[in-house]
Amino acid sequence: MSLPAHKTALIATSIENKILKFGTYTLKSGRVSPYFFNAGGFNTAALLSTLANAYANTIAESSLEFDVVFGPAYKGIPLASTTATALYTLDPVRFANIGYAFNRKEAKAHGEGGTIVGADLKGKRVLVVDDVITAGTAIREAMGIITAAGGELAGIVIALDRQERLVEDGDESAIQAVRRETGVTVVPILTLADLIEGVEGEARENMKEYRARYGAKAE
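Each value, and the rule that gives it
Residues numbered from 1 in each chain as written. Predicted model: local features only at pLDDT ≥ 70, side-chain atom pairs only at ≥ 80, totals over all residues. Heavy atoms only, no water. Helix = DSSP H or I, 4+ residues; strand = E, 2+ residues; numbered from the N terminus. Expected span 1.5 Å × (residues − 1). Buried < 20%, exposed > 50% of the residue type's maximum accessible area, 1.4 Å probe, protein only. Arc of directions from axis to C-beta. Phe/Tyr/Trp six-rings, centres within 6.5 Å; stacked < 30°, edge-to-face > 60°. Contact = heavy atoms within 4.5 Å. Pairing = 2+ DSSP bridges. Axes fitted to C-alpha atoms, helices over the stretch in contact; angles between N-to-C directions. Left-handed = near helix turned anticlockwise from the far one by under 90°. Nonpolar A, V, L, I, M, F, W, Y, C, P; charged D, E, K, R; others polar.

Colleague: Just to check I follow, could you spell out helix H3 (residues 76-90) for this structure?
Modeller: One turn of the α-helix equals 3.6 residues, which is why residues spaced by three or four share an orientation. Compared with the 21 Å implied by 1.5 Å per residue over 15 residues, the 20 Å span of H3 between its first and last C-alpha is a close match. Listed in full, the buried residues belonging to H3 are Gly76, Leu79, Ala80, Thr83, Ala84, Ala86 and Leu87. One side of H3 holds all its buried residues, which, seen down the axis, span an arc of 170°.

Colleague: Could you clarify how one ought to interpret the packing of aromatic side chains in this entry?
Modeller: Given two aromatic rings, their pairing is described by the distance between the two centres and the angle made by the two planes. This model, assessed by the stated rule, comprises five aromatic pairs. Look at tyrosine 35 and tyrosine 210: their rings are 6.4 Å apart centre to centre, the planes differ by 85°, and that puts the pair in the edge-to-face class. Within this pair, whereas tyrosine 35 is found in strand E2 (residues 32-37), its partner tyrosine 210 is found in helix H7 (residues 201-214), the two being separated by 175 residues in sequence. Taken as a pair, tyrosine 35 and tyrosine 210 share a single burial class, namely buried. Among the aromatic residues, those joined into a cluster by ring pairs are Tyr35, Tyr210 and Tyr214.

Colleague: I'm lost on H7 in this one. Help?
Modeller: Along its 14 residues, H7 runs 20 Å from first to last C-alpha, staying within 8% of the 20 Å computed at 1.5 Å per residue. Taken together, the buried positions of H7 are occupied by Ala203, Met207, Tyr210 and Tyr214. Relative to the axis of H7, the buried residues are bounded by an arc of 60° and lie together on one face. What points out from H7, more than 90 degrees from its buried face, is the exposed set Glu202, Glu209 and Ala212. Those residues of H7 hidden inside the fold are in contact with strand E1 (20-26), E2 and helix H6 (192-198).

Colleague: Even after reading the chapter, I still don't get the pairing of E2, so can you show me in this structure?
Modeller: Along any regular strand the residues' side chains alternate between the sheet's two faces. Relative to E2, E1 runs antiparallel, the two sharing five bridges. If you follow phenylalanine 22 over to E2, its bridge partner there is tyrosine 35. Hairpin connection, E1 to E2: the antiparallel pair is bridged by five residues, and glycine 30 has positive phi, about 95°.

Colleague: What am I meant to see in the packing of helix H2 (residues 45-61) against H3 here?
Modeller: Between two packed helices, both the angle of their axes relative to each other and the distance between the axes serve to describe the pair. Interhelical geometry of H2 versus H3 gives an angle of 65° and a closest axis separation of 8 Å. The way H2 lies across H3 gives a crossing that is right-handed. Here H2 contributes Leu48, Leu51, Ala52, Asn53, Tyr55, Ala56, Asn57, Ile59 and Ala60 to the contact with H3, which in turn contributes Leu79, Thr82, Thr83, Ala86, Leu87 and Leu90. Residue classes in the contact of H2 with H3 are distributed as 11 nonpolar, four polar and no charged.

And the structure:
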């Protein structure tokens, strides 16, 4: 089964610009991965536009209902603003009034103060955009920020789901754990299964072997 156009475009762009790399990479978990995805590599206007379009298409095709796109500091800040813009470009009627916001790491002591920049979250359904979920810590922090601001977490969209077990003797991935603990929908643009489908040769075989060794239990 072929992948949607926004997925194939994102994979191709990521490989071409060495955002998605293949080789031998030791992760924070200590696992040796045959691939590495660095969302920080989307660092030009053209690359960021490709990523934002992928977020927008993924969101538009989902059943998520929301009022504000929220990006956790720091990586989520450009993701929130460019995704909101891409959503409007994709469907200016449906997404005309979607707001965007992000948090400061430290509260501002002057002016209006506070930690939230952008749209007011109070009484709003808030969609979080981020690059990946590894341990789920950053997402739980974002949930606390949104709740404290009076908002309701409506869902989470990430760039990549590695689909691997969070702990060696467990079955769940970090995303599955977040879904179970919070009841919140988490939607990835790409999954490890997509990468395996979208590449060929040795890289594909190495990722299939990695999935067989570390893959989370299928939902």
